[in-house]
Every structure is written in structure tokens, then in C-alpha cells.
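# Residue-level structural notes
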Amino acid sequence: MNLPHSVRLVEVGPRDGLQNEKQPISVADKVRLVDDLSTAGLRYIEVGSFVSPKWVPQMAGSAEVFSDIQRRPGITYAALTPNLKGFEAALEAKVEEVAVFAAASEAFSQKNINCSIADSLQRFVPLLEAAKAAKVRVRGYVSCVLGCPYDGDVAPQQVAAVARELHAMGCYEVSLGDTIGTGTAGKTRVLLDVVSRDVPRERLAGHFHDTYGQALANIYASLLEGISVFDSSVAGLGGCPYAKGATGNVASEDVLYLLQGLGIDTGVDMDGLIAAGQRICQVLGKANGSRVARARLSH
Ligand SMILES: CC(C)(COP(=O)([O-])OP(=O)([O-])OC[C@H]1O[C@@H](n2cnc3c(N)ncnc32)[C@H](O)[C@@H]1OP(=O)([O-])[O-])[C@@H](O)C(=O)NCCC(=O)NCCSC(=O)C[C@@](C)(O)CC(=O)[O-]
């Protein structure tokens, strides 16, 4: 399998990263992060989510963030929406693209969105219809594709079934989330082999958390399997509120370094990305989770 010439990086730091922070983060700091990421050349930024503030308080100001960011042409600013209510709020905030999120394990679905997998998929149908009418593209997520914090092992066939449903109902792309980062390169290849029988590889994306330090290996395995879209989080921000102990997504800087080393184009500027990550880490008062950023900043 040839490696792709270019990869689309989906920057999820402002959403997947910041949703898990305990301390309050001001709208201004969130806006600054998104604007810094735009400046660094990211072409797809997940800015926030329109979910219940009781469930994820950190995302409560997403509408304000959307109204204050400097939107640049050619960049997609997206939001997570769990139901029609969230979608309508996103439309109101002039969000251009949304994502729905399901899980491959029943227990995680209950903990994360308070319903079964089947009910969640049913809930997405009217959302996708409304999105189609409003000409808003919808991305789909499947969580726990390589393991669940509650149910343990998850069969690739279970993942394929949920991914197939999301794709069939109109999600233009399905991002496969290793929510707890337990996946390995071997398991990733098996997963992609199975899921791609139902959803074409060019419609799949990889979303790897780095809890076990396997995310870059899993991305490389995915590249070999023909995947060319990867989600990542600047400075490795985040975790998952419903997956105890899960660390953040793989750091965007580390993914960029991997891709640059393979001669794969992303359009992203490393210095700008490192600056964006370091600034938000200073705001949060936490260490930078990117090894590449730490190494570069040390000299
Ligand atoms: C889905 C619900 C709403 C169900 O929550 P529920 O309690 O079952 O919902 P409900 O319909 O019974 O409503 C309860 C209350 O929430 C309100 N509500 C209802 N919907 C909304 C909305 N859209 N926005 C704002 N408020 C909303 C609704 O109006 C009501 O308010 P009240 O009458 O109590 O004042 C809830 O479980 C929820 O918001 N969950 C979000 C969980 C979440 O955001 N998780 C993190 C993102 S997923 C993730 O990180 C994984 C991913 C994508 O990164 C991939 C990976 O790594 O695996």
C-alpha cells in the first residue's frame, strides 16, 4: 500500500481537549486558541460542542466562541451535536459543519449520552435530515472502537455495524475513536480491514488517544491501510469525561512530525502549531503533552 501524498488533520483540541479540563477557561482563551490554530494552517478545527452543560460544563460557552473567532476562508469550524436541540443551537451560532457521536459499546453509550446505541442512532436521523435541509455537512464518530472502559474488548464487527449506520444515514466521514487508547497497530489494521468492508476507506478517519503511547504507531498502521484523515489535539490536550484515566488525543505536533518525516503534506506550520499549544498550556498551567513541542522548546 502506498502512503498518501497529503493528510487532512482534524484539530480537536478546542473541543476534545478543553472539554476535559477541570478549571474554568474563558471564552477569550478558547477563541485565542482557535485563532492561533487557524494561523498555524489547520484547515479543520473542532471548536466546541452543543451538549447539555450539566453533562459537560466546559463546553457551555461554545456559541460565544463561535461568534468571536475570526473565521477564515478555506477553514472548517465544526461542532459536536448530540441531538436536534444541539443542532438547532449550532445552526443559530452559524456553525458550518457538525458531528454526531455514537459508541461501539453499550455501556459507554449510556454513560456518554444516556441512551442505547440503537436509540442514539435513531436520534441522529432527524438531525441528519435537518442538516441536509440546511446544507450542513455531518461527520460521525464511533467511540470505543478498540476497547471500552466499562465493557472491555469490543469486536470490530460491532464497530463496523455502527459505522455503517452512520455512513448510511448521511455522515460523509466516520471517525473511529480509540477513546481509551488501548489499541495497538495490529488491532488497528484488523479493525480497518473489517470496517472498510462496510464503509470505504476514504470515508474513514482515525481518532487515537495516547493513553498507552500507541497512537503514532496506530496512525502509521492506518496510513498503511489507506486512511488519510486523522484527528489530533494540540499539545495533546484532553481526555474523556466518561473514560477514567484516558489521556488526551495524540498531540497534533507529534502527528505533524511523523507526517513530515514521511514526506506527507498537511499544510500545517510546525512553529505556529507549537506556539498555539504552548500558549494554551500556559493558560491552563499544565505541562505540554507533545513530545515534539517539549523537545523543540527546550532548545
Ligand atoms: C445527549 C444528552 C443531552 C442526553 O442527556 P439527557 O439528560 O438524557 O437528555 P434530555 O433530553 O432528557 O434532557 C435533559 C436536559 O438537558 C437539556 N439538553 C438536551 N440536549 C441538549 C443540548 N444539545 N444542549 C443543551 N442542553 C440540552 C434538556 O433541555 C434538559 O434540560 P433541563 O430541562 O434538565 O434543564 C447528554 O447526555 C449530553 O449532553 N451528553 C454529552 C456528552 C459529551 O459531550 N461527551 C463528550 C463528547 S464525546 C467524546 O468526547 C468522544 C469523541 C467524540 O471525542 C470520540 C472518542 O474519543 O471516543
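Presented here is an overview of the structure given in this document.

Basis of the calculations
Residues numbered from 1 in each chain as written. Predicted model: local features only at pLDDT ≥ 70, side-chain atom pairs only at ≥ 80, totals over all residues. Heavy atoms only, no water. Helix = DSSP H or I, 4+ residues; strand = E, 2+ residues; numbered from the N terminus. Buried < 20%, exposed > 50% of the residue type's maximum accessible area, 1.4 Å probe, protein only. Contact = heavy atoms within 4.5 Å. Areas by Shrake-Rupley, 256 points an atom, 1.4 Å probe, with all protein chains shown as cover. Lys, Arg positive; Asp, Glu negative; His and termini not counted. Charge placed at Lys NZ, Arg CZ, Asp CG, Glu CD. Salt bridge = Lys/Arg side-chain N within 4 Å of Asp/Glu carboxyl O. Near = heavy atom within 4 Å. Polar contact = N/O pair within 3.5 Å; in protein donor to acceptor, adjacent residues only side chain to side chain. Nonpolar A, V, L, I, M, F, W, Y, C, P; charged D, E, K, R; others polar. Axes fitted to C-alpha atoms, helices over the stretch in contact; angles between N-to-C directions. Left-handed = near helix turned anticlockwise from the far one by under 90°. Phe/Tyr/Trp six-rings, centres within 6.5 Å; stacked < 30°, edge-to-face > 60°. Lys NZ or Arg CZ within 6 Å of the ring centre and 35° of its normal.

### Remarks on the overall build of the protein chain
- Assigned secondary structure in the protein chain consists of 12 helices and 8 strands.
- Counting only C-alpha atoms, the protein chain reaches 50 × 45 × 35 Å along its principal axes.
- Put simply, the protein chain has 299 residues, and 56% of those count as buried.
- A separation threshold of at least 6 residues defines the contact pool for the protein chain, and within that pool the share at least 24 residues apart is 74%.
- Total accessible area on the protein chain stands at roughly 12300 Å², and carbon and sulfur atoms take up 51% of it.
- In the protein chain, 29 positive and 32 negative side-chain charges are present, and the distance between their average locations comes to 1 Å.

### Observations concerning the pattern of salt bridges
- Tallied over the full model, the rule gives 14 salt bridges.
- The partner of R15 in a salt bridge is E46, and the shortest N-O contact between them spans 2.6 Å. Here R15, found in helix α1 (residues 13-17), pairs with E46, found in strand β2 (residues 44-49); they are 31 residues apart in sequence, far enough to count as distant. Of the two residues, R15 and E46, both sit in the buried class.
- A salt bridge links R164 to D198, with the shortest nitrogen-to-oxygen separation between them at 3.2 Å. Residue R164 is located in helix α7 (residues 156-168), and its partner D198 is located in the loop between α8 (185-195) and β7 (204-208); the two are separated by 34 residues in the primary sequence.
- You can call D198 partly exposed: its relative accessible area is 30%.

### Re the site of the ligand
- Neighbouring residues of the ligand: 26 residues in total, closest K54, N112, N114, S143 and T179.
- The backbone of V51 places a nitrogen or oxygen atom 3.2 Å from a nitrogen atom of the ligand.
- One nitrogen or oxygen atom from the side chain of N112 is found 2.8 Å from a nitrogen atom belonging to the ligand.
- Burial of the ligand by the protein amounts to 74% of the accessible area it has alone, namely 1100 Å².
- Going through the elements one at a time, α1, α4 (84-92), α5 (106-113) and β5 (137-143) are the ones with two or more residues in the shell around the ligand.
- Residues that form the shell around the ligand fall into these classes: 11 nonpolar, 10 polar and 5 charged.

### Some details on the packing of α8 against helix α9 (residues 215-224)
- Remark: α8 packs on α9, axes separated minimally by 8 Å, with the N-to-C direction vectors making an angle of 35°. Here α8 runs over α9; the crossing is right-handed. On the side of α8, the interface is formed by A185, T188, R189 and L192, while α9 contributes A217, N218, A221, S222 and L224.
- Counted by class, the contact of α8 with α9 contains 5 nonpolar, 3 polar and 1 charged residues.

### What to know about the packing of aromatic side chains
- Under the defined criterion, the tally for this structure stands at 1 aromatic pair.
- Seen from their ring centres, F50 and F66 are 6.0 Å apart, and the 35° between their planes marks the pair as tilted. Placement of F50 in the loop between β2 and α3 (62-68) and of F66 in helix α3 is noted, with a sequence separation of 16 residues between them.
- F66 sits in the buried class, given a relative accessible area of 1%.
- Here the basic side chain of K111 rests over the ring of Y150, its NZ or CZ set 5.2 Å away from the ring centre.

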